[in-house]
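An overview of the molecular structure
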Amino acid sequence: MSKINHLAIYPGSFDPLTRGHEDMVRRSLSFADKVIVAVAHRRTQQKSGLFEINERVEMIRSVFANEPRVEAAEFEGLLVNFARSKNARVIIRGLRAVSDFEYEMQMALMNRQLWSEVETVFLAPDTQYSFLSASLVREIASLDGDVSEFVSPIVLQQLKKKFPPETRTQSLHGKDADG
Ligand code: ADP
């Protein structure tokens, strides 16, 4: 008895989830029955990022609260080990530009070397998200820029908590003073 596995894993940092990530998930649902958005982390990591891992997972859950085919999880260690534990043979990755290609290709080939049954599926985002990255969103938000077009309202609210007006003013003054 063989059953085609339509479970896909979409791994990343998601610090935080952007509209570009959301676009990838929605596109994946056109061929996968279920997508696990998996937040990667390392306990030994020196720099933890802007959001804690559980905060990132919670935001993903909230954004996809009305989509039962999307699950959020965190994993530590090798992606292929996590995929195998879920019996998921499809890994989703996004390609924004040629600059993403080399690293993504290397990872895909290495993952297949580590587990021959896994396939990486690359998806291109809608052009309006092709320049979008979580690091840009963090930077713009920290400088009091408007990121409402780039993240869902749930994420926007959390970003505002991370960068309350006093902090933002300070950063801007800092920039001004330097310049
Ligand atoms: P980022 O690069 O924004 O920090 P991640 O490291 O969490 O995001 O990336 C997880 C995956 O999502 C990667 O395959 C990355 O190429 C992809 N991705 C991130 N942003 C976008 C986007 N705007 N459009 C398409 N794919 C994206």
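For clarity, every value in this text was computed on a predicted model and none was experimentally measured.

Considerations on the overall build of the chain
- Assigned secondary structure in the chain consists of seven helices and five strands.
- Counting only residues that meet the buried cut, the chain has 40% of its 179 residues in that class.
- Counting every atom, the chain has about 10,700 Å² of accessible surface; 51% of that belongs to carbon and sulfur.

So, the site of the ligand
- Around the ligand sit 18 residues, and of these Tyr10, Ser13, Gly94, Tyr129 and Ala134 come closest.
- Interatomic distance of 3.1 Å between a side-chain N/O atom of Arg93 and an oxygen atom of the ligand.
- Between Leu132 and the ligand, the recorded distance is 3.0 Å, taken from a backbone N or O atom to a nitrogen atom.
- When the ligand is considered free in solution it has 530 Å² of accessible area, and contact with the protein chains removes 90% of it.
- Those elements giving two or more residues to the shell around the ligand turn out to be strand E1 (7-12), helix H1 (19-28), strand E4 (90-94) and helix H4 (98-114).
- Of the residues assigned to the shell around the ligand, the class counts are eight nonpolar, six polar and four charged.

Some points on a nonpolar patch on the surface
- There is a patch of nonpolar side chains on the surface, built from Val98, Phe101, Met105 and Leu109 and spanning about 390 Å² of accessible area.
- Among the residues examined, Val98 registers a relative accessible area of 74% and is labelled exposed.

Re the pattern of salt bridges
- For the structure shown, the criterion picks out 13 salt bridges.
- Among the salt bridges present, the one from Arg56 reaches Asp15, with a minimum N-O distance of 3.5 Å. Of this pair, Arg56 sits in helix H2 (residues 53-63) while Asp15 sits in the loop between E1 and H1, placing them 41 residues apart in sequence. When sorted by exposure, Arg56 lands in the same class as Asp15, which is buried.
- Here the salt bridges share partners, and the residues they tie into one network are Asp15, Arg56 and Arg138.

Section: the packing of aromatic side chains
- Summed over the entire model, instances satisfying the criterion amount to three aromatic pairs.
- When the centroid spacing of 5.0 Å and the interplanar angle of 20° are considered together, the rings of Phe75 and Phe82 count as stacked.
- Phe75 gets classed as buried once you look at its relative accessible area, which sits at 6%.
- Aromatic pair Phe131 and Phe150: ring centres 6.0 Å apart, planes at 85°, arrangement edge-to-face. Here the residue Phe131 occupies a position in the loop between strand E5 (119-123) and helix H5 (134-142), and Phe150 occupies one in the loop between H5 and helix H6 (153-162), the gap between them amounting to 19 residues.

Side note on H4
- An ideal rise of 1.5 Å per residue puts 24 Å on 17 residues; H4 measures up with 25 Å between its terminal C-alpha atoms.
- Where H4 bends most, at Glu104, the angle is about 25°.
- All of the buried residues in H4 are Asp100, Glu104, Ala108 and Asn111.
- Buried residues belonging to H4 abut helix H3 (79-86), E4 and E5.

Structural notes on the environment of Leu114
- Within the element layout of this structure, Leu114 appears in helix H4.
- Taking the C-alpha atoms as reference points, Leu114 and Val80, separated by 34 residues in sequence, lie 7.1 Å from one another.
- Those residues in contact with Leu114, other than ones at most four positions away along the chain, are Leu78, Val80 and Arg84.

Each value, and the rule that gives it
Residues numbered from 1 in each chain as written. Predicted model: local features only at pLDDT ≥ 70, side-chain atom pairs only at ≥ 80, totals over all residues. Heavy atoms only, no water. Helix = DSSP H or I, 4+ residues; strand = E, 2+ residues; numbered from the N terminus. Buried < 20%, exposed > 50% of the residue type's maximum accessible area, 1.4 Å probe, protein only. Areas by Shrake-Rupley, 256 points an atom, 1.4 Å probe, with all protein chains shown as cover. Near = heavy atom within 4 Å. Polar contact = N/O pair within 3.5 Å; in protein donor to acceptor, adjacent residues only side chain to side chain. Nonpolar A, V, L, I, M, F, W, Y, C, P; charged D, E, K, R; others polar. Patch = residues over 30% accessible without salt bridge, like charges linked within 9 Å, V, L, I, M, F, W, Y side chains within 5 Å. Salt bridge = Lys/Arg side-chain N within 4 Å of Asp/Glu carboxyl O. Phe/Tyr/Trp six-rings, centres within 6.5 Å; stacked < 30°, edge-to-face > 60°. Expected span 1.5 Å × (residues − 1). Bend = angle between axes of the 7 residues up to and from the residue. Contact = heavy atoms within 4.5 Å.

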